[in-house]
Amino acid sequence: MALTQAEKDLLDRVESRLAIGGEWVEAQEGKTLDVFDPATGELLKSIADASVADAQRALDAAVAAQAAWAKTSPRERSNILRKAWELLQERRADFALLMTIEMGKPLAEAEGEVTYGGEFLRWFSEEAVRVGGRFGSNPEGTADMIVSKMPVGPCYFITPWNFPLAMATRKIAPALAAGCTVVVKPAALTPLTTIYFQQLLEDAGLPKGVVNVVATSQSSKQSAALLQDKRLRKLSFTGSTPVGVKLLEAAAQNVLRTSMELGGNAPLIVFEDADIDVAVEGILAAKFRNIGQACTAANRVYVQESIADKVAERLAERVSAMKVGRGTEEGVQIGALVEEKAVANIERLVDGAVEKGGRVLAGGKRIAGPGCFYQPTVVDYTPLESDLAREEIFGPVLAIVRFETEDEAVELANDTEYGLASYVFTENLHRAQRMIDRIEAGMMAVNAGVLSNAAAPFGGMKQSGLGREGSHEGIEEFLETKYTMIPRR
């Protein structure tokens, strides 16, 4: 499928160069990075591929801009973020289309991401003017104590490919609100949305050098170099736990502040007292949103044995009817996976589970032809020893495991090194409260399949990460606390 004229026109408006110090510049080594449409394999755009030297120049610019940006009034920072939110509403169709063609998600979901990602701009525009401190006497009455907040300093952000707008705004907005400057390295698979967002920030009046964008195919080399620079004061990363561990090791050398949103392996538990209609809708939302390529996706669906047949049958019927195709096509619910490697991994997980006794109720195969497509799939009786029941799936595959008792469900849910999101379906208020207390996860939705919100703290326990994004906690990640003592005379 050839690009439409509207898509070509949009791509022409997206910068192909690096954003460094308020200027759009070519990569020093002259290398380029190709960005493809995962639904067709067609080249979308070639952009500048940053070298380590380019990344260093970006940090230089962020350092140079830090003092002046930190001195801007909270209201000025608030107004810029608010203006960025307003511009995003005006350009929402552009951003939705751009995400759809570079990442593969259905257009309707991309439009939802524009709304969600924009809320971080609006929320932190409001938080910028609410950063405070406190003043009071020490207990002895001999001195006054002043507790104040100040920006951490230059930050380095590594964003993932699956939510290219929201993951950028969720990091950039609180940093700007707190008075920090930024170097952003977007994912090599989906850098165009972040570049286009930087263009929007400039239109919103952001001063030169406050945000710098350096897309690269040499992520590890670039990150290693910047993390060794003692002027960098903060690292925020969203991605896999193994990569996060390596980044934490590197960040420890300069004792950097870190925020790490890492892997997820979310359990979703359906108890026999659940409203089955509500549970089915919740499972579909929690599993198939973003084609299953979300760290909050329901990875392990545990259904109580007494209702498991009915739930599995309903899910298989709904999943079998899902329309698959390029995200721009009318009515598409399942778009392309981001790359061929993702399709191969899904094949491995499903085939391995079937070999161990899992039963495919819907889908179960890759889709032949151009693009990276896999059928939306339901596997029942998923073997606990299979990789499908143990690894993060990151695709449109729903794995059902049956359980008998509440204690068994809790044990299964917590039997993982991860602890990001979780979902519980029950009409029993006391059981829901027990799950809140017992499930080891940083977030939980009760009788709902979507839980993310800009006003809520996003983050996990165990190997799912450190720190929180969004909410009041989100801006604290970019602030240092300073205590001052003034003796009384």
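Further up the page is the structure itself.
If you're wondering where the values come from, they're calculated on a predicted model, not measured in any experiment. (Residues numbered from 1 in each chain as written. Predicted model: local features only at pLDDT ≥ 70, side-chain atom pairs only at ≥ 80, totals over all residues. Heavy atoms only, no water.)

Chemist: For this particular structure, what's the right way to read the environment of R257?
Modeler: By secondary structure assignment, the location of R257 is in strand β11 (residues 257-261). The spacing of R257 and V152 is 105 residues in sequence and 8.2 Å in space, taken between C-alpha atoms. Discounting residues that sit within four places of it in the chain, R257 has contacts with V152, R233, K234, L235, E476, E477, F478, L479 and E480. A polar contact is formed between the side chain of R257 and the backbone oxygen of E476, at a distance of 3.1 Å. Here the side chain of R257 touches E480 through a polar contact of 3.3 Å, side chain to side chain. (Helix = DSSP H or I, 4+ residues; strand = E, 2+ residues; numbered from the N terminus. Contact = heavy atoms within 4.5 Å. Polar contact = N/O pair within 3.5 Å; in protein donor to acceptor, adjacent residues only side chain to side chain.)

Chemist: Which parts of the structure should I look at to understand the sheet that holds strand β22 (residues 479-487)?
Modeler: The strands making up a sheet are joined through hydrogen bonds of the backbone, oriented either antiparallel or parallel. A sheet is described by the order of its strands in space; here three strands give the open sequence β5-β6-β22, paired in antiparallel fashion. Edge positions in the sheet fall to β5 (134-137) and β22, since each of these pairs with one other strand and no more. Between one strand axis and the next, the sheet turns by 20° as a mean value, whatever way the strands run. Bridging between β5 and strand β6 (residues 143-151) involves four bridges; their strand directions are antiparallel. Among the inter-strand pairings, S137 is bridged to a residue of β6, identified as D144. (Pairing = 2+ DSSP bridges. Axes fitted to C-alpha atoms, helices over the stretch in contact; angles between N-to-C directions.)

Chemist: What should I look at first to understand the pairing of strand β13 (residues 298-304) in this one?
Modeler: On a regular strand, one side chain projects to one face of the sheet and the next to the other, so that they alternate. Most of β13 sits inside the fold, with seven of its seven residues counted as buried. Summarising the sheet, strand β12 (residues 266-270) and β13 pair through five bridges and their orientation is parallel. By the bridge assignment, A266 is partnered in β13 with A298. As a crossover connection, the stretch from β12 through helix α10 (residues 276-288) into β13 is right-handed. Relative to strand β16 (residues 397-403), β13 is paired through four bridges, and the arrangement is parallel. Its bridge partner being in β16, Q304 is matched across the sheet by F403. (Buried < 20%, exposed > 50% of the residue type's maximum accessible area, 1.4 Å probe, protein only. Right-handed = clockwise from strand over helix to strand, strands pointing away.)

Chemist: Looking at this structure, how should I read the packing of aromatic side chains?
Modeler: Geometrically, a pair of aromatic rings is defined through the distance of the ring centres and the angle of the planes. A full pass over the atoms with the stated rule returns five aromatic pairs. Between F95 and Y196, the ring centres sit 4.9 Å apart and the planes meet at 40°, which makes this aromatic pair tilted. On the criterion of sequence distance, the pair formed by F95 in helix α4 (residues 92-103) and Y196 in helix α7 (residues 192-203) is long-range, its members being 101 residues apart. Between F271 and F403, the aromatic rings sit 5.6 Å apart at their centres with planes inclined by 85°, giving edge-to-face as the arrangement. Pair noted here: F271 is in the loop between β12 and α10 and F403 is in strand β16, with a separation of 132 residues, a long-range link. The exposure classification of F271 matches that of F403, with both residues buried. (Phe/Tyr/Trp six-rings, centres within 6.5 Å; stacked < 30°, edge-to-face > 60°.)

Chemist: What am I meant to see in helix α5 (residues 107-127) here?
Modeler: Side chains of residues three or four places apart in an α-helix project in the same direction, reflecting 3.6 residues per turn. In this model α5 runs 30 Å from its N-terminal to its C-terminal C-alpha over 21 residues, within 8% of the 30 Å that 1.5 Å per residue would give. Burial in α5 covers these residues: A110, E113, V114, Y116, G117, G118, F120, L121, W123, F124, S125 and E127. Structurally, α5 contributes buried residues whose contacts are with α3 (74-90), α4, α6 (166-178), α7 and α15 (471-476). (Expected span 1.5 Å × (residues − 1).)

Chemist: Where do I start with the sheet that holds strand β14 (residues 359-362) in this structure?
Modeler: Taken together, the seven strands give an open sheet; going across it, the order is β14-β15-β16-β13-β12-β18-β19, and neighbouring strands pair in mixed fashion. Bordering the open sheet on either side are β14 and β19 (445-446), each of which pairs with just one other strand. Two strands pair when backbone bridges link them, and β14 and strand β15 (residues 377-380) are joined in this way by three bridges, in the antiparallel orientation. Across the sheet, V360 pairs through a bridge with V379, a residue of β15.

Note that all results are geometric; they support no functional claim without further evidence.
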